[in-house]
Amino acid sequence: MTRILRCAACSRRVRAHHPHIGVEDLETGQEFSYHAREGCQERAALETAARLERGKVYAMHHYHSSRCPDEVPGWGCAGGCFDTPLAVAN
Ligand SMILES: [Zn+2]
Ligand SMILES: [Zn+2]
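In what follows, the accompanying structure is described. (Residues numbered from 1 in each chain as written. Chains lettered and ligands numbered in written order. Predicted model: local features only at pLDDT ≥ 70, side-chain atom pairs only at ≥ 80, totals over all residues. Heavy atoms only, no water.)

## Digging into the nonpolar core
Note that soluble globular proteins tend to have their nonpolar side chains buried in a common cluster. With 15 residues, the main nonpolar core has C7, A9, I21, V23, Y34, C81 and F82 as its most contacted residues. Every element with two or more residues in this core is listed here: β3 (20-25) and α1 (38-53). Not counting the four nearest positions on each side in its chain, Y34 is found in contact with C7, A8, A9, V14, H20, I21, V23, C40, R43, A44, E47 and R51. (Core = buried A, V, L, I, M, F, W, Y, C linked by side-chain atoms within 4.5 Å. Buried < 20%, exposed > 50% of the residue type's maximum accessible area, 1.4 Å probe, protein only. Helix = DSSP H or I, 4+ residues; strand = E, 2+ residues; numbered from the N terminus. Contact = heavy atoms within 4.5 Å.)

Okay, structure coming up:
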């Protein structure tokens, strides 16, 4: 099954094996995808902050590249998937 993901910021395709961000609406299960690159990542942070202000509950997922060498990757992973942490927390 192939799911075609589109970036909610630039509306271009998101390749599932490339690093990307998923913002999941915990009520509906709908998930918005964003590219890991700077502009789209920023947009994800802004849009998520705006939705949170309206009382929605979201979970943010960080999908690492399929070539990311870390087994439990996080920020600053060896694959360099995400350069800057999102300024969503706080
Ligand atoms: Zn994008
Ligand atoms: Zn990674």
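## A short note on the sheet that holds β3
As summarised here, the arrangement of the three strands in space is β4-β3-β5, forming an open sheet in which the pairing is antiparallel. Edge positions in the open sheet fall to β4 (31-35) and β5 (58-63), since each of these has one partner strand only. Averaged over neighbouring strand pairs, the angle between their axes works out to 20° when direction is ignored. Pairing between β3 and β5: six bridges, direction antiparallel. Looking at the pairing, I21 lines up with H62 of β5. Against the sheet, α1 contacts β3, β4 and β5, and its axis sits at roughly 150° relative to β4. (Pairing = 2+ DSSP bridges. Axes fitted to C-alpha atoms, helices over the stretch in contact; angles between N-to-C directions.)

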